[in-house]
Amino acid sequence: MTIILTPYWSNGVQKLKLIEPPHVPKHGLVPPVLDRDVHAARCLAQLRSKDKGLEKYIYLSQLKHEDYAMFYRLCLQNMAEFTPIIYTPTVGDACVNFSEIYRRPEGLYVSIKDKGKIGSVIRNWPKIDEARISVVTDGSRILGLGDLGVNGMGISIGKLSLYVAGAGIRPESTIPICLDLGTNTQRYLDDPFYLGLRQIRVGDAEMTAFMDEFMEEMSKTFPKLMIQFEDFSTDNAFKYLERYRKKYPVFNDDIQGTGAVVLSGFLNAAKLSSAASGQPLSSHRILFFGAGSAGVGVASQLMSFFTLQGLTEDEARRRIYLVDSQGLVYDTRGPLAEHKKYFSRDDYQGPPMKDLLDIIAYVKPTALLGLSTISGAFNGDILDAMAAINPRPIIFPLSNPVKLSECSFADAVAHTQGRVLFASGSPFPEQQFQGKTLYPGQGNNMYIFPGLGLAAILGRVSEITDSMVEASSLGLANSLTNEERSLGLLYPRIERIREISAFIAKEVIRAAQKAGVDRSPDLRGMSDDELLRFINNKMWTP
């Protein structure tokens, strides 16, 4: 049973009541002939009759509210079609316009005005005992769109829809949460429809005190809950992950999820690249264009790629280069943000190197990864340069949504004569080149977080360890079928997401057991086959 919160007004204040519709409507309340299969086709036809992504998003939101089983049934049957609507890229437009398209309550809002009584606010959630997973955002850095304030709730809603569809987590077990700490975006402060507080964001000390109370109250109210942080500003993303990860089951998708999914695709790409060049896997050099939370998070995760090849941590670190808005990141350039210091170069003391072409000539990278949200940053000259020094260049423009991607798949194919090993953050269409169909990889975090979250729930973990995140990445890399490998795919087909999530969940549970953070002793004695069957049996199916 999904949670349906129906609003009503009392003394000028909107309140909510919980409505649980019966599974089978009483006779006479539906048309005499309402076949569910025919109705599924009808709903799909209604969706496809709409020509704008935002209209499709609104339709599916309505369908999920009115008939959640049908929504998830259609989602599972049409995963490749639905994912870009309920999540990136369309969710970006939905968040920008969230206050304008708002229809009904969904999720939990906790504001800075609730400081001192946060526990009483979150205890208003009507399904406390069922809660197992929550996506929490403060709306401060939504995708590449900036500070959207409470409009960021669309991200929490969308991610949890993918948890349900991708890993079979029960709808009633999910809690989308948006923390309203103000917004620094003036157009929302001036917008009469804006749903959040009309104040600028609170300072660091006030936010930290709020977050400490919020996390403590969440752990008391929902003792079986895993929390996923989403789209916090770069500094806060790192700060709050480190502050709480040893105390609560907390995961940051921008840092750890993005890193895990990119590591998985990179593992498969690096093997193909090395096969073409004849160079060992340990010789790869990775250049990151973008050094925010996602960029540094991915760089940290890709350390595992090199340590798996036998390199020391220091040797692995030296295979990675960062570029930020001021160019190559190196020690003698000047003061650096704390999160950039680990990868800052100590082997370059020259003048600031700002031009990406010059940096490529200096580094000679085998892989170029974009997490900059700068559209077109990987122009023809950049792509030509990468193709000139690599038989099969690895190009991963990972910024979301599509309009902020560093390059398109079509451009990458054209400028590398079809030799590119490509993965993006948002979907691109396949390309024809010299009579062959080339398929773009999409490093979509939904390959990782549903299975990781399912493992956290079933394993009743006390924390999300680095080894668990790495296990999710290796599990994804190893989930390609022979047919997918023959097509040169870097990621498996999204239509197999439930199968992939179950396999990842198994691998993550085993990692949790090795780390001693699991609290489900019954799972420890199961064989891998038994554990996989157990996981599949626990998945909710509409």
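Computed from a prediction, not measured in an experiment: that's the story for all the values here. (Residues numbered from 1 in each chain as written. Predicted model: local features only at pLDDT ≥ 70, side-chain atom pairs only at ≥ 80, totals over all residues. Heavy atoms only, no water.)

(A) Just the pairing of strand E12 (residues 394-397), in detail. Burial of the side chains of E12 extends over both faces: Ile-394 and Phe-396 are buried on one face and Ile-395 and Pro-397 on the other. In this sheet, E12 lies alongside strand E11 (residues 367-370) in parallel orientation, the contact comprising four bridges. Looking at the pairing, Gly-370 lines up with Pro-397 of E12. Between E11 and its parallel partner E12, the chain crosses via helix H16 (residues 380-389), and the hand of that crossover is right-handed. The pairing of E12 with strand E13 (residues 421-424) spans two bridges and is parallel. (Buried < 20%, exposed > 50% of the residue type's maximum accessible area, 1.4 Å probe, protein only. Helix = DSSP H or I, 4+ residues; strand = E, 2+ residues; numbered from the N terminus. Pairing = 2+ DSSP bridges. Right-handed = clockwise from strand over helix to strand, strands pointing away.)

(B) Inspection of the UniProt feature "binding site: a divalent metal cation" (unreviewed entry) in the protein chain at higher detail. Here the UniProt feature "binding site: a divalent metal cation" (unreviewed entry) sits at Glu-230, Asp-231 and Asp-254. These annotated residues cover 25 residues of sequence, and their C-alpha atoms lie no more than 6.6 Å from one another, placing them together at a single site. Locating Glu-230 in the fold gives a position in the loop between strand E6 (226-229) and helix H11 (234-244). The exposure class assigned to Glu-230 is buried, which follows from its relative accessible area of 1%. If sequence neighbours within four positions are ignored, Glu-230 has contacts with Tyr-87, Val-135, Val-136, Thr-137, Asp-138, Ile-155, Lys-159, Asp-253 and Asp-254. For Asp-231, the position within the fold is in the loop between E6 and H11. Taking relative accessible area as the criterion, Asp-231 reaches 2% and is therefore assigned buried. (UniProt positions renumbered as here; feature names shortened; annotations may be inferred. Contact = heavy atoms within 4.5 Å.)

(C) The arrangement of the state of the cysteines in detail. Enumeration according to the criterion identifies zero disulfides in this entry. Not engaged in a disulfide, the cysteine Cys-43 finds its nearest cysteine sulfur in Cys-75; these two sulfurs lie 13 Å apart. For the unlinked cysteine Cys-178, the closest cysteine sulfur is that of Cys-95, found at 9.1 Å. (Disulfide = S-S within 2.5 Å.)

(D) Structural detail: the sheet that holds E11. With mixed pairing, the seven strands of this open sheet are ordered in space as E10-E9-E8-E11-E12-E13-E16. The sheet terminates laterally at strand E10 (327-328) and strand E16 (441-442), the two strands that pair on one side only. Its contacts with the sheet place helix H12 (residues 253-277) against strand E8 (286-289), E11, E12 and E13, and it is angled at close to 160 degrees to E12. (Axes fitted to C-alpha atoms, helices over the stretch in contact; angles between N-to-C directions.)

(E) Local environment of the packing of helix H8 (residues 153-167) against helix H21 (residues 497-515). Two elements in contact, H8 and H21, have axes whose closest approach is 7 Å; the angle formed by their N-to-C orientations is 90 degrees. Taken as axis vectors, H8 and H21 run roughly perpendicular relative to one another. Counted together, Val-164, Ala-165, Gly-166 and Ala-167 of H8 and Ile-497, Arg-498 and Ser-501 of H21 form the full contact between these two elements. Here the residues of the contact of H8 with H21 sort into four nonpolar, two polar and one charged. (Parallel < 35°, antiparallel > 145°, perpendicular 65-115°, else oblique. Nonpolar A, V, L, I, M, F, W, Y, C, P; charged D, E, K, R; others polar.)

(F) Quick peek at the pattern of salt bridges. Under the counting rule described, the total for this entry stands at 31 salt bridges. Measuring nitrogen to oxygen at the nearest pair gives 3.7 Å for the salt bridge that ties Asp-138 to Arg-201. Taken together, the residues span a long stretch of sequence, with Asp-138 in the loop between strand E4 (133-137) and H8 and Arg-201 in the loop between helix H9 (186-189) and helix H10 (204-221) at a distance of 63 residues. Considered together, Asp-138 and Arg-201 belong to a single accessibility category, that of buried residues. For Lys-159, the salt bridge identified is with Glu-230, shortest N-O distance 2.7 Å. Placement of Lys-159 in helix H8 and of Glu-230 in the loop between E6 and H11 is noted, with a sequence separation of 71 residues between them. No difference in accessibility class separates Lys-159 from Glu-230, as the two residues are buried. In the salt-bridge network here, residues are joined through shared partners; they are Asp-314, Arg-317, Arg-318 and Asp-346. (Salt bridge = Lys/Arg side-chain N within 4 Å of Asp/Glu carboxyl O.)

(G) View of the UniProt feature "domain: Malic enzyme NAD-binding" (unreviewed entry) in the protein chain. Under the local residue numbering, the UniProt record ascribes the feature "domain: Malic enzyme NAD-binding" (unreviewed entry) to residues 255-513. Helix makes up 44% of residues 255-513 and strand 12%, with an end-to-end C-alpha separation of 23 Å.

(H) View of the nonpolar core. Grouped together as the largest cluster of nonpolar side chains are 148 residues, with contacts concentrated most on Phe-214, Phe-229, Phe-288, Leu-369 and Phe-396. Core analysis: the second largest hydrophobic core is formed by 28 residues, Tyr-330, Met-353, Ala-377 and Val-413 among them. (Core = buried A, V, L, I, M, F, W, Y, C linked by side-chain atoms within 4.5 Å.)

(I) Broad picture of the packing of aromatic side chains. What the rule picks out here adds up to 21 aromatic pairs. With 4.9 Å between their ring centres and 50 degrees between their planes, Phe-409 and Phe-422 make a pair best called tilted. Taken together, the positions of Phe-409 in helix H17 (residues 409-415) and Phe-422 in strand E13 put the pair 13 residues apart, joining distant regions of the chain. Phe-409 gets classed as buried once you look at its relative accessible area, which sits at 3%. By relative accessible area, which is 3% here, Phe-422 ends up buried. In textbook terms, an aromatic cluster arises when at least three aromatic residues are bridged by ring pairs, as seen for Phe-229, Phe-232, Tyr-240, Tyr-244 and Tyr-248. (Phe/Tyr/Trp six-rings, centres within 6.5 Å; stacked < 30°, edge-to-face > 60°.)

(J) Layout of the environment of Tyr-163. Secondary-structure assignment places Tyr-163 in helix H8. Looking at Tyr-163, the relative accessible area reads 0%, which means it is buried. Taking the C-alpha atoms as reference, Tyr-163 lies 9.7 Å from Leu-452; in sequence the two are 289 residues apart. With sequence-adjacent residues up to four places away left out, Tyr-163 is seen in contact with Ile-133, Val-135, Gly-168, Ile-169, Met-226, Gln-228, Phe-449, Pro-450 and Gly-453.

(K) Molecular detail of the sheet that holds strand E3 (residues 108-111). Pairing is parallel across the open sheet formed by five strands, whose spatial order is E3-E5-E4-E6-E7. Of all strands in the sheet, those bounded by a partner on one side alone are E3 and strand E7 (250-252). Along the sheet, successive strands turn relative to each other by an average axial angle of 25 degrees, direction set aside. As judged from the four bridges shared by E3 and strand E5 (residues 174-180), these two strands associate in the parallel manner. Note that in E5 the partner of Ser-111 across the bridge is Asp-180. Seen against the sheet, H8 touches E3, E4, E5 and E6 and runs at an angle of roughly 165 degrees to E5. The sheet contacts of H10 involve E3, E4, E5, E6 and E7, and relative to E5 the element is tilted by about 160 degrees.

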